[in-house]
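# Observations on the model geometry
Each chain is listed here by its residues.
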Amino acid sequence: MIARTIAAVFAALLLAAPLASAQAPVPKEPSGQPITIGFSMALTGSLAVNGKSGLLAMQIWAEDQNKQGGLLGRPVKLIFYDDQTNPSLVPGIYTKLLDVDKVDLVVSGYGTNIAAPAMPVIIQHNKTFIGLFALDINEEFKYPKYFSMLPVGPDPRPAISEGFFAIITANKEKLGLKTMALAVGDGEATRNGADGARVNAKKAGIELIYDKTYPLTTTDFSPVIRAIQATSPDIVYLSSYPNDSVGFIRSANELGLKTKVFGGSPTGPQSTSIKTSLGPQLNGIITFDWWLPAPAMRFPGVMEFLAKYQERAPKEGVDPLGYYLGPWAYADLQVLGDAVEGTKSLDQDKLADYIRDHTFKTVVGDVKFGAKGEWDKARILTVQFQHISGTSVDDFRDGKGEVVVWPDQYKAGEVVLPYTEARH
């Protein structure tokens, strides 16, 4: 009896052996001195609504990477400081990261105004550098080791408003679109976006009858709205940061802005917290977005990342959905990590050459860099907020309330114009 039992167990083990050997090997636990990645991040100040989201995404990447064996068999460690959305603090932060903390790798904080002031320090230290949502900052520096995690392509400034003006052109005759008012926040990214809007307006045959910059400290936008309304523009284009986007949109609703098309490149309405704060006040606005959970954009790994992100978001007090910056911050470090593994090195020249010469599989799709370190091709969504009736997170979950209207490859619905009708 005992002999038969032992034989049966032995036979079972033999049958199970091929199954066990077919399983994926367990990654080796990383060991040794950590590979450190340094950056600043807006954890307070006007960009914190997005900066905190980006930090959580980066932390999730580091945890995922360490579970997979780290980089070069060593654990990954993030070293970061709050830049307080204050560009003047950024050079000091990166000097500390490189000279005191002696980090192995660096990436930028969130946004153009934060990434640009880091560049002189990065160049002085000859480091490879990936910018996170930094618009065309290498136009000035032309630094060969800079790369941009922002899908604006080789001609970034006009790219961000290309879809907006494609819609203007398609509806120009039907709606009699001839004139435009341009309101611009006085910041680097907003000025860059406005430069592109002027180029695209000229191509579309639209006359600028109001073109003014307002201070980023502006809190009362009613004088701006009244000045714009006095010119009776057919189109109102806003290039703004999150805080002023909210103030401008609230004033436009309170004063009953009358125009045929309203939108442009306001930063902020892409973030869940701002969407829920404005709710139906967003209806009718046409703007840009980078990624939404539409079927055509569910790239490998992105929904798994978002599941982890959304589980932790309430505890971390960050954007509960994470669609705007989360996947991009994760992809930012995916590119850097893949370059380290691809070169089996931390040599900055080798890393830059590898990033320039390869296509990367990331949670935001394939990433290939071209001129000035920008993406070799643009991939920007133009969206219109439609049919929003509430202010809960569920009013925007899975892309609800935000309809992709351009380009045709990702189009999910038709634009509703004029704005005065669409807002209702």
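Data block above holds the structure.
These notes cover the structure that comes with them. (Residues numbered from 1 in each chain as written. Predicted model: local features only at pLDDT ≥ 70, side-chain atom pairs only at ≥ 80, totals over all residues. Heavy atoms only, no water.)

### Notes on the packing of aromatic side chains
Summed over the entire model, instances satisfying the criterion amount to 22 aromatic pairs. With a centroid separation of 5.1 Å and 90° between ring planes, the pair formed by Y214 and F221 is classed as edge-to-face. Grouped by ring-pair contacts, the aromatic residues Y110, F133, F288, W290, Y324, W328 and W375 constitute a single cluster. (Phe/Tyr/Trp six-rings, centres within 6.5 Å; stacked < 30°, edge-to-face > 60°.)

### A word on unusual backbone geometry
For the peptide bond that leads from W406 to P407, omega is 0°, which places it in the cis range. Mapped onto the fold, P407 is located in the loop between β14 (402–406) and α16 (419–422). A cis amide bond, omega 0°, links L417 with the succeeding residue P418. In this structure, D136 takes a positive phi of about 60° despite not being glycine. (Helix = DSSP H or I, 4+ residues; strand = E, 2+ residues; numbered from the N terminus.)

### Topic: the packing of helix α13 (residues 302–316) against helix α14 (residues 326–343)
Two elements in contact, α13 and α14, have axes separated by 10 Å at closest approach and are oriented at 110°. Our classification of the angle between α13 and α14 gives roughly perpendicular. Considering the relative orientation of α13 and α14, their crossing is right-handed. Of the residues in α14, those touching α13 at V302, F305 and L306 are G326, P327 and Y330. Counted by class, the contact of α13 with α14 contains five nonpolar, one polar and no charged residues. (Axes fitted to C-alpha atoms, helices over the stretch in contact; angles between N-to-C directions. Parallel < 35°, antiparallel > 145°, perpendicular 65-115°, else oblique. Left-handed = near helix turned anticlockwise from the far one by under 90°. Contact = heavy atoms within 4.5 Å. Nonpolar A, V, L, I, M, F, W, Y, C, P; charged D, E, K, R; others polar.)

### Considering α13
With 15 residues, α13 should reach 21 Å at 1.5 Å per residue; the first-to-last C-alpha distance of 20 Å fits that figure. Of all the bends in α13, the largest measures some 25° and sits at Q310, one to four residues before the proline P314. Looking only at α13, the buried set comprises V302, F305, L306, Y309 and A313. On its buried face, α13 is in contact with α2 (48–67) and α14. Of the residues trailing α13, G317 is marked for its positive phi of about 70°. (Expected span 1.5 Å × (residues − 1). Bend = angle between axes of the 7 residues up to and from the residue. Buried < 20%, exposed > 50% of the residue type's maximum accessible area, 1.4 Å probe, protein only.)

### Notes on α14
Relative to the 26 Å expected for 18 residues at 1.5 Å per residue, α14 spans 26 Å between its end C-alpha atoms, a close match to the ideal helical length. Here α14 lies mainly inside the structure; 15 of its 18 residues are buried. Phi for K344, located one or two positions after α14, is positive at around 55°.

### Examining the layout of surface pockets
Its boundaries defined by the atoms lining it, the largest pocket holds a volume of some 260 Å³. Along its surface, the largest pocket is lined by 15 residues, and S46, L216, Y241, N243 and D244 are the ones closest to its centre. Residue assignment for the lining of the largest pocket shows that the elements contributing at least two residues are α4 (112–115) and α11 (242–255). Of all the elements, α11 adds the most residues to the lining of the largest pocket, at three residues. Classifying every residue of the lining of the largest pocket gives six nonpolar, eight polar and one charged. (1 Å grid on protein atoms, 1.4 Å probe; cavity = no way out; pocket = protein on both sides within 12 Å on 5 of 7 lines; lining within 4 Å. Points joined across faces, edges and corners; volume = space filled by probe spheres on them.)

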